[in-house]
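So the chains spell out like this:
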Amino acid sequence: MSNTLVSADYMYFLEELIEQAGEVSLRYFRTELAVTDKRQKGKAFDPVTRADRETEKFIRERITAVYPGHAIIGEEFAPKQGAASFTWLIDPIDGTRGFISGTPMWGVLIGLKRADECLVGAMRQPYTGETWIGGGNTAYFIRQHQRTRITVREHTHLDEAIVCCTHPAMYPTDEAREKFMGVIARCRFSRYGTECLGYGMLASGYVDLVIEGGLSPYDIMPLIPIVEGAGGIITDWQGNTAQNGGLIVAASGKKLHAEALALLS
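To start, this report covers the structure provided alongside it. Keep in mind it's a predicted model, so treat the numbers as computed, not measured.

1. Topic: the overall build of the chain
- A count of helices and strands for the chain gives eight helices and 14 strands.
- The globule rule puts the C-alpha radius of gyration for 265 residues at 18 Å, and the 17 Å found for the chain is close to it.
- Oriented by its inertia axes, the alpha-carbon framework of the chain measures out at about 50 × 45 × 35 Å.
- Within the chain, the fraction of its 265 residues that count as buried is 53%.
- For the chain, restricting intrachain contacts to residue pairs at least 6 apart in sequence, the fraction spanning at least 24 positions comes to 61%.
- For the chain, the exposed surface amounts to about 12100 Å²; the carbon and sulfur share of it is 50%.

2. Re the environment of Pro172
- Summarising the element assignment, Pro172 is placed in the loop between β10 (162-165) and α4 (174-186).
- On the basis of relative accessibility, which here comes to 59%, the residue Pro172 falls in the exposed class.
- For the pair Pro172 and Thr49, spaced 123 residues apart in sequence, the C-alpha to C-alpha distance is 24 Å.

3. Let's talk about helix α8 (residues 254-264)
- By the burial criterion, the buried members of α8 are Leu256, His257, Ala260, Leu261 and Leu264. All buried residues of α8 fall inside an arc of 135° around its axis, so they share one side. Those residues of α8 that are exposed and angled more than 90 degrees off the buried face are Lys255 and Ala262.

4. Some details on the sheet that holds strand β11 (residues 189-192)
- The strand order β11-β10-β12-β14-β13 describes an open sheet built from five strands, whose pairing is mixed. Only two strands of the sheet have a single partner each, and these edge strands are β11 and β13 (233-236). Across the sheet, the axes of successive neighbouring strands diverge by a mean angle of 20°, strand direction being ignored.
- Taken together, the four bridges between β10 and β11 define a ladder with parallel strand orientation. Bridge pairing in β11 links Ile162 to Phe189.

5. Focus: the pairing of β10
- Side chains of β10 alternate between two faces, with Ile162 and Cys164 and Val163 and Cys165 buried alike.
- Viewed along the sheet, the connection from β10 through α4 into β11 turns out right-handed.
- For β10 and strand β12 (residues 209-215), the ladder comprises two bridges, and the chain directions are parallel. The partner of Cys164 across the bridge, within β12, is Val210.

6. Overview of the pattern of salt bridges
- Overall, the coordinates contain seven salt bridges when judged by the stated rule.
- A salt bridge links Arg114 to Glu117; its shortest N-O distance comes to 3.0 Å.
- Overall, the relative accessible area of 22% leaves Arg114 in the partly exposed class.
- Owing to a relative accessible area of 25%, Glu117 belongs among the partly exposed residues under this scheme.

7. Quick look at the sheet that holds strand β8 (residues 138-143)
- Sheet architecture is open: seven strands sit in the order β3-β4-β5-β6-β7-β8-β9, paired in mixed fashion. For this open sheet the edge positions go to β3 (71-74) and β9 (146-149), each flanked by a neighbour on one side alone. Averaged over all neighbouring strand pairs, the angle between strand axes comes to 15°, with direction disregarded.
- Here strand β5 (residues 107-114) runs beside strand β6 (residues 117-125); their pairing, made up of seven bridges, is antiparallel. Across the sheet, the residue bridging to Val108 is Arg124, located in β6.
- Helix α2 (residues 50-66) rests against β3, β4 (86-94) and β5 of the sheet, and its axis sits at about 155° to β4.

Definitions and limits used
Residues numbered from 1 in each chain as written. Predicted model: local features only at pLDDT ≥ 70, side-chain atom pairs only at ≥ 80, totals over all residues. Heavy atoms only, no water. Helix = DSSP H or I, 4+ residues; strand = E, 2+ residues; numbered from the N terminus. Rg over C-alpha atoms; globule rule 2.2 N^0.38 Å. Buried < 20%, exposed > 50% of the residue type's maximum accessible area, 1.4 Å probe, protein only. Contact = heavy atoms within 4.5 Å. Areas by Shrake-Rupley, 256 points an atom, 1.4 Å probe, with all protein chains shown as cover. Arc of directions from axis to C-beta. Pairing = 2+ DSSP bridges. Axes fitted to C-alpha atoms, helices over the stretch in contact; angles between N-to-C directions. Right-handed = clockwise from strand over helix to strand, strands pointing away. Salt bridge = Lys/Arg side-chain N within 4 Å of Asp/Glu carboxyl O.

Listed below in structure tokens is the structure:
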């Protein structure tokens, strides 16, 4: 069976699942929530709420019921081992700081990979009712059950580019932050605070670069099929796979990606 057909088999399930999971998180949005700081010693504030845990629990239960042999890796609970080569990655609320601040800059992320191959991925912003989903070399934007195929904005050079980043503090070293600022100095303009939505804006053709750091695999793997399905390119700062997280650059085209890597790598 071709990769396209495999992706299509899972895309319907994923689209339904992430919409339902979004309703779980939305119940807690802009309500009084206890916030726990789960940071390790010496690390930055790392918040988690009941919304994060309840959303991931719901997603895990649904996946296990339908695909009991699949492995699951999520942010809030221990990994679930599986007999198959398929692994689901879950970030129940990407952008918890935005969530607890009452802003809509957050989303639910779910992705599926087989061995080292990203098959499908989806992002849902429940408050606005928007979903981005990708797989099988295609990507779609869905709102009110209307599906629109999306593509990146091509042929953009760095001096014309709009660049997104969640926050400069996410870079692990001063050197990495300085390299990022070197890109910012060359681009048209930049926007901060975008969280996972920056990748959706890139796939939809509104921005040209997303450059971030300190990401875990569940932060980025669900977004890879969306970016690539829309015709973009996404790697680490050395040009290798983005699946492992760390320092990430997503671009709307190969030339722009090469321009950014020349400054970052």
